[in-house]
Amino acid sequence: MSDTDPDDLWPVEPSEAVQDTLADPKLPVELFSAIVALTVEIVEDQWLPDSTARDSAGDWRRLPIPHGRGLVEYVIDTNHHHVVRLTRLTSFRH
C-alpha cells in the first residue's frame, strides 16, 4: 500500500457474482491477480484516472483490467456507507 491515510481508504465489497467469479477454480491465476491488484488500487483511490463513468452521476465506474483481460465495474456509495461495491467482472480471456 502507499502512504495513504487509513481514514481515506474505502472498503471494497464484492457482489455475490464477483465472489463466484473469483472463487472459480478455472479462473486463470494472472486474471485473479490482476483483479486483486485493481481492488487494492480502488481501495486507495476509487476515482482512478483509467476508470470511466457508467452513469451521469459518475458513481458507477468501469475500469479496464490490464493487458486487455476485461473490465471491472463498481459503484461508489458516497451517501451512507463510505464503501465501494464491485458489481461485475467481465473477462475477455477466460
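Anything mentioned here points back to the structure above.
Cut-offs and rules
- Residues numbered from 1 in each chain as written.
- Predicted model: local features only at pLDDT ≥ 70, side-chain atom pairs only at ≥ 80, totals over all residues.
- Heavy atoms only, no water.
- Helix = DSSP H or I, 4+ residues; strand = E, 2+ residues; numbered from the N terminus.
- Buried < 20%, exposed > 50% of the residue type's maximum accessible area, 1.4 Å probe, protein only.
- Contact = heavy atoms within 4.5 Å.
- Core = buried A, V, L, I, M, F, W, Y, C linked by side-chain atoms within 4.5 Å.
- Expected span 1.5 Å × (residues − 1).
- Pairing = 2+ DSSP bridges.
- Axes fitted to C-alpha atoms, helices over the stretch in contact; angles between N-to-C directions.
- Polar contact = N/O pair within 3.5 Å; in protein donor to acceptor, adjacent residues only side chain to side chain.

Caption draft 1: Broad picture of the side chain of Q46. Here Q46 shows up in the loop between α2 (29-44) and β2 (52-53). Taking relative accessible area as the criterion, Q46 reaches 5% and is therefore assigned buried. Apart from the residues lying within four places of it in its own chain, the contact partners of Q46 are W10, S51, R61, Y74, I76 and V84.

Caption draft 2: Quick look at the nonpolar core. I42, I65, V72, Y74, V84 and L86 are the most contacted members of the largest nonpolar core, which totals 19 residues. Of all the secondary structure elements, the ones that give two or more residues to this core are α2, β3 (60-65), β4 (70-77) and β5 (83-91). The dominant element in this core, judged by the number of residues it contributes, is α2, at six residues. Each residue touching V72, except ones within four places of it in the same chain, is listed here: L38, I42, R61, R62, L63, I65, L86, R88 and L89.

Caption draft 3: Structural detail: α2. Under the 1.5 Å per step criterion, the end-to-end length of α2 is 23 Å for 16 residues, consistent within 8% with the ideal 22 Å. Among the residues of α2, those classed as buried are L31, A34, I35, L38, I42 and V43. Packed against the buried residues of α2 are β1 (12-14), α1 (16-23), β3, β4 and β5.

Caption draft 4: Seen up close, the sheet that holds β2. Read from one edge to the other, the open sheet built from five strands follows the order β1-β5-β4-β3-β2, with strand pairing classed as mixed. With partners counted over all chains shown, the strands left at the sheet margins are β1 and β2, one partner each. Each of β1 and β5 is contacted by α1, which is oriented at about 55 degrees to β5, the strand it contacts most. Along the sheet, α2 makes contact with β1, β3, β4 and β5, crossing β3 at roughly 140 degrees.

Caption draft 5: Spotlight on the environment of R62. Position of R62 among the secondary structure elements: in strand β3. Taking C-alpha positions, R62 is 4.5 Å from E73, a pair spaced eleven residues apart along the chain. Not counting residues within four places of it along the chain, the set of residues in contact with R62 comprises D50, S51, T52, R54, L71, V72 and E73. Among the polar contacts made by the side chain of R62, one reaches the side chain of E73 at a distance of 3.4 Å.

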